[in-house]
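Remarks on the overall topology
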Number of protein chains: 2
Amino acid sequence: MATIKDIANAAGVSLATVSRVINNGPKVGDATRERVKAIMTEMGYRPNANARALVTKRSASLGVVLAELLDPFFATLAHGIESVTRKHNVQILMSAGSIEKATELKAIETLLEHRVEAMVVHSKALDDEVLIEFARQAPGFVLINRFIPEIGNRCVWLDNVAGGRIMAEHMLKQGHKKLAVISSRYQIDDPVDRITGIRQALQSAGIDLPESHIEYSTPDQEGGEKCIQNLLAKGVDFTGVLAYNDAMASGAMTMLLDHHIDIPSQVSVIGYDDVLLAKYSRPKLTTLRYPVEMMAAKAAELALSYASGKKPEADITFKYTPTIVKRESVLRL
Amino acid sequence: MATIKDIANAAGVSLATVSRVINNGPKVGDATRERVKAIMTEMGYRPNANARALVTKRSASLGVVLAELLDPFFATLAHGIESVTRKHNVQILMSAGSIEKATELKAIETLLEHRVEAMVVHSKALDDEVLIEFARQAPGFVLINRFIPEIGNRCVWLDNVAGGRIMAEHMLKQGHKKLAVISSRYQIDDPVDRITGIRQALQSAGIDLPESHIEYSTPDQEGGEKCIQNLLAKGVDFTGVLAYNDAMASGAMTMLLDHHIDIPSQVSVIGYDDVLLAKYSRPKLTTLRYPVEMMAAKAAELALSYASGKKPEADITFKYTPTIVKRESVLRL
DNA sequence: TTGTAAGCGTTATCAT
DNA sequence: ATGATAACGCTTACAA
């Protein structure tokens, strides 16, 4: 592959001049500029981003750490980030992490070795201290979907306690008193927070939520199916199901229908996330809108701006609250 | 950030020695090795991937060009690639392209500037010649979901003509004679090929497919809805719908049900791709399985192996054929 | 086993 | 307006 040197030789000018042409620098004669440009295209010259990054210490790249591309939630996340990197002419370096300490750590470190300018990290497994330390090292470090008070100004996150409260309140308002919850079995904050919110709402209404009415499984459609099976097997009596996410809600609906339990006339179901699935399931799923895409875009902008020297304000954080999207899966009793 | 020089100074050894312990090179005394390692972790040293790539001319990274992360098809694609890069300890550089010449070109060029070792490219808009030229320049260049005879050994693709034939034959075998097709409005090979296959099957059965029975729209759920609306508005009489993909099939089912047309008792629907959507729609969608994930993994392996010097065999290509997945959306008449 | 030094492709600082 | 030249952080012969 042709280097800047080859171009310089071919054009009979110095390296410096070619470099100036490449970077649209000033102080270059029009004639030379044209001649050099011509030779560059002729020889198929492509500047070496690595060499450039080495000397300028800037890489025009943003690192992304997420758990699993297949999950529509993360796909949406990635899409939100991509929309801003495209605008800024920045390259995405992607590292998948899978919600385990070791892999999340590895993902972040690889990105750091590549000297990405900014990074948007979705980490659930790593401890606060580790993340705080990374933030100290990398100016453009931003967390999405997680809140750590010490670095709140680098956190773009959703208030899951409020989310849990909102979904429960909606069910209560529709007259549902016999509720079941199907949640994620993973030991991360999100399911805990959402259930906390649910309990808050129920408590205010003087309603109890026994542990037996909560089922845990993998946060996907299959998990939703299993939870319903277990609930049914245990003979739990419920008219409303609060799901951890839309995938579980969808699985739950499938299983309920398989048992000839109609939705929403016999059982109401509410989801969380509002991914595409929700809109196109049958019946259409009432759910909480998690503005991932907007949040991801925000996180990317933030990371880029911090990376380029903007100082994070103290005492600020980027908290979002989910809103309810009423569709067809919840019936007013 | 600490450099190799800093480590060398702190450890009282030369650059070369530090480099050797970084790369687990031989010929380093155990004592020195331990000492240097200790100092590296203590100082939080991280080798600079750019500098390394510059001198070794290898970057341990694989570039991916795709159109749209939001689309579950591409998410699956990305996931398949990710599974092999993870295994090979290779980083993913992602560039979104959006099926336009200019953006696809830009995406590939950026990746090339970053000197990725290998690349898996999903390009629909660029001309054959351009792609062939890229393949000539970059040893690890592999195309997915596209076939170009001249570089067939760098193509991992699906036989869409066969796919069209298979879906039509299935409908015919189930006794459907009045068929409608809803297809993608984009001017790329895939929809054309699939319709070609469909026509082949119908022709063999002596059945005609008038242009009026084909509707084109965007290849998503909304597009599927619109196509059905148009078909219904035109008063086309059909008992079977062949959809361009599962998303359109899903939209079609939604719209049919909205018109109180039951599936499959009144109209049968068949999709294409077999994304998650198909399994969880109601009724469950009969569709063609497009083994994207497997193909993407294959493409990534191929790209990596070509990149590391393996010579592509002549007269070989990586063609896959979709298989039918029978679920509930097609009724035997 | 360890060190010296050249060079990878650029940019940037001085000169000219 | 153009050219030398010293970095940037690292690997890798070649010496010692």
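Before reading further, recall that the structure is shown in the block above.
Read on for a plain summary of the structure. All values reported here derive from a predicted model rather than from experimental measurement. The residue numbering used here restarts from 1 in each chain and proceeds along that chain's sequence as written. Key to labels: chains lettered from A, ligands numbered from 1, both in the order written. pLDDT decides what is reported in this predicted model: residues at 70 or higher carry local features, side-chain atom pairs at 80 or more are listed and counted, and totals for whole chains, interfaces and linings draw on all residues regardless. Derived side-chain values reflect all non-hydrogen atoms in the structure, with water molecules and hydrogen atoms excluded from consideration.

Some words on empty space enclosed by the protein
In this approach a probe as big as a water molecule rolls over the atoms, and the regions it shows empty are the leftover space. Residues and elements named next belong to chain B. How we decide: Cavities and pockets are defined on a 1 Å grid built over the protein atoms alone: a cavity is a set of grid points where a 1.4 Å probe fits but cannot escape, while a pocket is an open set with protein on both sides within 12 Å along at least five of seven lines, and lining residues are those with an atom within 4 Å of any such point. Grid points are joined across faces, edges and corners, and a volume is the space filled by probe spheres set on the points. Each helix is a run of DSSP H or I of at least 4 residues and each strand a run of E of at least 2, with the numbering of both proceeding from the N terminus. Amino acid classes used here: Ala, Val, Leu, Ile, Met, Phe, Trp, Tyr, Cys and Pro are nonpolar; Asp, Glu, Lys and Arg are charged; the rest, including Gly, are polar.
Under the defined criterion, the tally for this structure stands at 4 cavities of 30 Å³ or more. Taken as a whole, the largest cavity encloses approximately 60 Å³ of empty space. Around the largest cavity, the lining residues are Met167, Val181, Ile182, Ser183, Pro191, Arg194, Ile195, Ile198, Leu242, Ala243 and Tyr244. Sorting the residues of the lining of the largest cavity by element identifies β6 (179-184), α9 (189-204) and β8 (240-243) as the ones contributing at least two each. A class-by-class count of the residues in the lining of the largest cavity yields 9 nonpolar, 1 polar and 1 charged.

Some remarks on the relation of the copies chain A and chain B
Quick reminder of the rule: The atoms used to superpose the copies are C-alpha atoms, taken from residues with pLDDT of at least 70 in both, and the fit is least squares.
Aligned on chain B, chain A shows an RMSD of 0.1 Å; the corresponding rotation is 180 degrees and the shift along the axis is 0.0 Å. Overall, the copies show the geometry of a two-fold rotation axis.

Considerations on the interface of chain A and chain B
Counted only if it meets this: Whether two residues are in contact is decided by their heavy atoms, any of which lying within 4.5 Å being enough. Values labelled buried area give the accessible surface lost by two parts on being combined, using a 1.4 Å probe and summing over both. What counts as a salt bridge is simple: a side-chain nitrogen of Lys or Arg found within 4 Å of a carboxyl oxygen of Asp or Glu. Side-chain atoms alone can form a polar contact between residues adjacent in sequence; in general such a contact is a pair of N or O atoms within 3.5 Å, and within protein one must be able to donate a hydrogen while the other accepts it.
In this complex, chain A contributes 49 residues to the contact, which on the side of chain B involves 49 residues. Of the roughly 4600 Å² buried between chain A and chain B on both sides combined, carbon and sulfur atoms contribute 53%. Sorting the residues of chain A by area buried against chain B places A:Arg46, A:Tyr280 and A:Arg282 first, and these three jointly supply 17% of that buried surface. For the interface between chain A and chain B, the tally reads 4 salt bridges. Where B:Glu109 meets A:Arg46, a salt bridge forms, and the shortest distance between an N and an O atom there is 2.9 Å. On inspection of chain A and its partner chain B, the count reaches 23 residue pairs in polar contact (both at pLDDT 80 or more).

Some thoughts on the pattern of salt bridges
Filter applied, for reference: The cut-offs for exposure are 20% and 50% of the maximum accessible area for each residue type, with area from a 1.4 Å probe on protein chains only; residues under the lower value are buried, those over the upper are exposed, and the others partly exposed.
Under the definition given, this model contains 35 salt bridges over all chains. Taking the shortest distance from any N to any O, the salt bridge between A:Asp128 and A:Arg146 comes out at 2.7 Å. Of the two residues, A:Asp128 sits in helix α7 (residues 128-137) while A:Arg146 sits in the loop between β4 (141-144) and β5 (155-158), which places them 18 residues apart along the sequence. Look at A:Asp128 and you get partly exposed, because its relative accessible area is 29%. Two residues, B:Glu328 and B:Lys284, come together in a salt bridge whose shortest N-O distance is 3.7 Å. Separated by 44 residues along the polypeptide, B:Glu328 in the segment after β12 (323-325) and B:Lys284 in the loop between α12 (276-280) and β10 (287-289) bring together distant segments of the chain. Judged by its relative accessible area of 24%, B:Lys284 falls in the partly exposed class. Residues joined in a network through salt bridges with shared partners are A:Lys124, A:Asp190 and A:Arg194.

Things to note about the packing of helix α1 (residues 4-11) of chain B against helix α3 (residues 30-43) of chain B
Residue and element names in this part refer to chain B. Rule in force here: Angular values range over 0 to 180 degrees, each being the angle between N-to-C directions of two axes fitted as lines to C-alpha atoms, with helices fitted over their stretch in contact. Oblique is the label for any angle not under 35 degrees, not over 145, and not in the 65 to 115 range, which are roughly parallel, roughly antiparallel and roughly perpendicular in turn. The handedness criterion is simple: a crossing whose near helix is rotated anticlockwise from the far helix by less than a right angle is left-handed, and one whose near helix is rotated clockwise is right-handed.
At a closest axis distance of 10 Å, the pairing of α1 and α3 adopts a crossing angle of 125 degrees. Our classification of the angle between α1 and α3 gives oblique. Classified by chirality, the crossing of α3 by α1 is right-handed. Here α1 contributes Asp6, Ile7, Ala10 and Ala11 to the contact with α3, which in turn contributes Arg35, Val36, Ile39, Met40 and Met43. For the contact of α1 with α3, the residue count by class is 7 nonpolar, no polar and 2 charged.

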